[in-house]
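Structural description and commentary
If you want the building blocks of each chain, they are given just below.
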Amino acid sequence: MNTELNQEQTDNYQRDGFIAHRGLLSADEVSELKVAVLEAVGSMGKRKVAGGGRNMVAGEDEFYDQVFTQRLNLWRINDTIKRYMLNSRIGAMMCALEGVEGFRVWHDQALIKEAYDNPTGWHLDNPFWSFSSRHAISIWIALEPATFQNGCMWSVPESHKLARFDNSGIEFNMKALFKIYPEMMMADSVGVPMAPGDCSFHNGLTAHGAGASMTRGRRIAMTCAYMPVGSTFNGQQNILAEDYFESLKEGDVLDNDDWNPVVFI
Ligand SMILES: O=C(O)CCC(=O)C(=O)O
Ligand SMILES: [Fe+2]
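Just so we're clear, the structure is a prediction, and the values are computed from it rather than from any experiment.

Following the sequence through the fold, Phe 18 ends up in strand β1 (residues 18-21). Judged by the 28 C-beta atoms lying within 10 Å of it, Phe 18 falls in the buried class. In this structure the C-alpha to C-alpha distance between Phe 18 and Ser 155, which are 137 residues apart in sequence, comes to 7.3 Å. Excluding anything up to four places from it in sequence, Phe 18 contacts Tyr 13, Ser 155, Ser 200, Phe 201, His 202, Asn 203 and Thr 206.

Right under this line is the structure:
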């Protein structure tokens, strides 16, 4: 695993709210993680959240179910995925990028854009989650080529500086986010094609999306979102299991090592 970051990457991340990092995983690591992801996704049926998280099922939203196959918290049911998503060297990279002391896992996600799937509407991540932080971060790892044709990720530079915690969701209308934030449309977005093993990092408030798949292939990404250590509950359930969600009050520190293990501190 190549987890060396240079100063330019950190500067660009802090300015733009995202960066690409080429060659994070070797070919062998890509194969190992891809096998694990396909196996874990295959074991889930229509359940979207693994390992006892909130009961959410695929198959209820005709548009969103064909944006991608989305399965979350796979680290809880697969040790290979856990070893990658909780890797402390990835944690150290993210601490350098965000300038924070440590992260806890929020949730991982396999995002498999299938043949001819819908685009991923422009959105912000953090407003979906159960904590609010300007320093949340996600890693997005390509396990197969992500191209302009099959729906690579796009981000709007510096949008994280304009964002608040208002949520537009991920809409059928791709532009819905820009009704809330028209000023974000003043910058050109940047598409980031990736080879297998490349990754990108984006801040939890960076506007991002992906095009449709215009191909009969699939695009497999393994992603994981992380919250800064010390983050507090904001009242939203997101993927939290019912009993854990009901035990929380707004303002409680989210420090449950079972659901949200520390990745680097
Ligand atoms: O892969 C995609 O299409 C979207 C990814 C995304 O929204 C994310 O990783 O936060
Ligand atoms: Fe996202």
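Next comes the rest of the description.
Before going further, it helps to spend a moment on the site of ligand 1. Lining the immediate environment of ligand 1, one finds Phe 68, Leu 111, Lys 113, Thr 120, Asp 125, Ser 138, Trp 140, Met 153, His 208, Ala 210, Ala 221 and Thr 223. Elements with a contribution of two residues or more to the shell around ligand 1: β3 (103-113), β5 (137-142), β9 (208-210) and β10 (219-228). Partitioning the shell around ligand 1 into residue classes produces six nonpolar, four polar and two charged.

Most of β3 sits inside the fold, with 11 of its 11 residues counted as buried. Pairing of strand β2 (residues 69-72) with β3, which is carried by four bridges, proceeds in the antiparallel orientation. Looking at β3, one finds that Leu 72 is bridged to Gln 109. Where β3 meets strand β11 (residues 262-264), two bridges bridge the pair, whose relative direction is antiparallel. Within the sheet, the bridge partner assigned to Phe 103 lies in β11 and is Phe 264. By the bridge criterion, 10 bridges tie β3 to β10 in an arrangement that is antiparallel. Counted as the bridge partner of Phe 103 is Pro 228 from β10.

Rules and cut-offs
Residues numbered from 1 in each chain as written. Chains lettered and ligands numbered in written order. Predicted model: local features only at pLDDT ≥ 70, side-chain atom pairs only at ≥ 80, totals over all residues. Helix = DSSP H or I, 4+ residues; strand = E, 2+ residues; numbered from the N terminus. Buried ≥ 20, exposed ≤ 12 C-beta atoms within 10 Å, placed from the backbone. Contact = placed C-beta atoms within 7 Å. Near = placed C-beta within 6 Å. Nonpolar A, V, L, I, M, F, W, Y, C, P; charged D, E, K, R; others polar. Pairing = 2+ DSSP bridges.

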